[in-house]
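Chain residues, written in single-letter form:
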Amino acid sequence: FSSSTKRYRKTASFSSVGCFALALSHNGENLAVGGVQGIKLLNILTQRELTVPSHVDSRRVVTCATWMKTRYTLSETLCYGTNLGYIVFLRTHPADKQFHEICARRLGSGFEITCITWDLASVESTCQIALGTRDNIVQVLVLGANSQLQSVFAGRLDSTVPRSIAFGDTGSIYVFGLYDGNVIKLSSKDGTVLSEHRCQSVIGSAAVHLKRGLFVVDNATDGFTLYRLESGQLVRTFTVDPPTVPVPKQVSFGEDGKVVIGGSDNGSVYVFNRRTGVLIETLSHMAATLVPTIA
C-alpha cells in the first residue's frame, strides 16, 4: 500500500503460500517474501518475480528477513534466517544484475532464527547483524567487505525467547521476549545486560522507533501497546477486536513514526495515529484471513 495525503491505496498484489516474513528494500523496489516455499523476490514496479538461486529452498522455511545497505555498496543485500538455523545473504551481481548467494552459514545447534536486524550505523564497508534463536540465544555478527561472516558475541538469555530485536543508538541492542514480555538492553560488543524491564503482556512482535524513544508490541489480547523505550512506561494501547485465532501479528511504525500499523486475524491491516490513538484507516487485505506479517 502507498499513502496519498491521508489515504492508502493498493499498488500491487502477489500470491504466496505460508508467508512468515516480509521485507521491503530501502529503495522501495523489491519485496522479499519468506515462508514455507523458501524465499521469493518480487519487483513491485513491474510486479514480476525475480530469479533467486535454485538451491535456497533446501534450507527450509524462511522465518525472518531484512535488507541491508552500506555507503559504498552499489546494491542492497538481503539477509534472511530459517527454521533450521541458517543465515543467508543474497546480493545482485554487477555483471548480470541477478541475485546471487554471497554467504550462508548454519548457526549454533541449528535452532530456528526467530528475529534478525542490522545496524544502520555499521561502518562503510561492513554490516553488523543481530539475531535471536529459539533456544534463547542472542548473537551479533559482522558481514565483511569480502562477504565473510564473523561473530562478535553469542550469549544465552536465562528464560527469554527472542521475538524481536533492534539496535540502539549507543552500542546496544534491544531484545523483546515472546512469552515473558521481557525487554532486555544488551551491549552489542559483548552481550552484557545493561537494563531490563517487562511489558504488561506477552509480545507477539515489536517495533522500535529510536528517534522518538518508543516501541510498540502486539499484546496478543486487545491490540497493540506503545511504551517508552528506556523506562518501559506504558503510553497507550491501540485497541482492536479481540483475536479469534491466537497467532502473533506484526506491528510497525510508519510515516517517520507518525502512525502505528498492525496486522490482524480478520483480513484487515490497521493504521493508527500514534499521538492520539485514533484509528485512521482499516486496509482490507482478504476477508476472514490471517494478516500476521507486514512490512
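What you see is a predicted model, and the numbers here were worked out from it, not measured in a lab.

S.K.: Could you clarify how one ought to interpret the packing of aromatic side chains in this entry?
M.R.: What the rule picks out here adds up to five aromatic pairs. An angle of 40° between the planes, with centres 6.3 Å apart, marks the rings of Tyr-270 and Phe-272 as tilted. Accessibility classification places Tyr-270 together with Phe-272 in one group, the buried group. By way of ring pairs, the aromatic residues Phe-176, Phe-215 and Tyr-227 are connected into one cluster.

S.K.: Even after reading the chapter, I still don't get the pattern of salt bridges, so can you show me in this structure?
M.R.: Oppositely charged side chains are able to pair whenever their charged atoms sit close together. As enumerated under the stated definition, the model contains three salt bridges in all. Glu-112 serves as the salt-bridge partner of Arg-134, at 3.2 Å between the closest nitrogen and oxygen. Separated by 22 residues along the polypeptide, Arg-134 in the loop between β12 (127-133) and β13 (137-143) and Glu-112 in the loop between β10 (99-106) and β11 (113-118) bring together distant segments of the chain. By relative accessible area, Glu-112 is classed as partly exposed at 22%. When the shortest N-O distance is used, the salt bridge between Lys-211 and Asp-256 registers 3.5 Å. Residue Lys-211 is located in the loop between β19 (206-209) and β20 (214-218), and its partner Asp-256 is located in the loop between β23 (251-254) and β24 (259-262); the two are separated by 45 residues in the primary sequence.

S.K.: Hey, could you run me through empty space enclosed by the protein in this one?
M.R.: Any empty space left between the atoms is revealed when a probe the size of a water molecule rolls over them. All chains considered together, the criterion is met by two cavities of 30 Å³ or more. Quantified by volume, the largest cavity comes out at close to 90 Å³. Along the wall of the largest cavity there are 16 residues; nearest its centre are Gly-223, Val-240, Asp-241, Pro-243 and Lys-249.

S.K.: Help me understand the sheet that holds β13 in this model?
M.R.: Strand pairing in a sheet takes place through backbone hydrogen bonds and is either antiparallel or parallel in direction. With antiparallel pairing, the four strands of this open sheet are ordered in space as β11-β12-β13-β14. The sheet terminates laterally at β11 and β14 (149-156), the two strands that pair on one side only. In this sheet, adjacent strand axes meet at a mean angle of 20° when their direction is disregarded. Here β11 runs beside β12; their pairing, made up of five bridges, is antiparallel. Within the sheet, the bridge partner assigned to Cys-115 lies in β12 and is Gly-132.

S.K.: What is the right way to read the layout of surface pockets from this model?
M.R.: Reported here for the second largest pocket is a volume of approximately 460 Å³. For the lining of the second largest pocket, the class distribution of residues is five nonpolar, ten polar and five charged.

S.K.: Is there a simple way to explain the pairing of strand β17 (residues 182-187) in this structure?
M.R.: Within a regular strand, the side chains alternate between the two sheet faces. Counting buried residues in β17 gives six out of six residues, a clear majority hidden from the surface. Of the two faces of β17, the one lined by Asn-182, Ile-184 and Leu-186 and the one lined by Val-183, Lys-185 and Ser-187 are each fully buried. Where strand β16 (residues 172-177) lies against β17, five bridges are found, and the strand directions are antiparallel. Paired with Tyr-174 across the two strands is Lys-185, which belongs to β17. Hairpin connection from β16 to β17: four residues lie between these consecutive antiparallel strands, with Gly-181 at a positive phi of about 70°. Taken together, the five bridges between β17 and strand β18 (residues 193-198) define a ladder with antiparallel strand orientation. If you follow Leu-186 over to β18, its bridge partner there is Val-193. Counting the residues between successive antiparallel strands, the hairpin from β17 to β18 contains five residues, one of them, Gly-191, with a positive phi of roughly 85°.

Definitions and cut-offs
- Residues numbered from 1 in each chain as written.
- Predicted model: local features only at pLDDT ≥ 70, side-chain atom pairs only at ≥ 80, totals over all residues.
- Heavy atoms only, no water.
- Phe/Tyr/Trp six-rings, centres within 6.5 Å; stacked < 30°, edge-to-face > 60°.
- Buried < 20%, exposed > 50% of the residue type's maximum accessible area, 1.4 Å probe, protein only.
- Salt bridge = Lys/Arg side-chain N within 4 Å of Asp/Glu carboxyl O.
- Helix = DSSP H or I, 4+ residues; strand = E, 2+ residues; numbered from the N terminus.
- 1 Å grid on protein atoms, 1.4 Å probe; cavity = no way out; pocket = protein on both sides within 12 Å on 5 of 7 lines; lining within 4 Å.
- Points joined across faces, edges and corners; volume = space filled by probe spheres on them.
- Pairing = 2+ DSSP bridges.
- Axes fitted to C-alpha atoms, helices over the stretch in contact; angles between N-to-C directions.
- Nonpolar A, V, L, I, M, F, W, Y, C, P; charged D, E, K, R; others polar.

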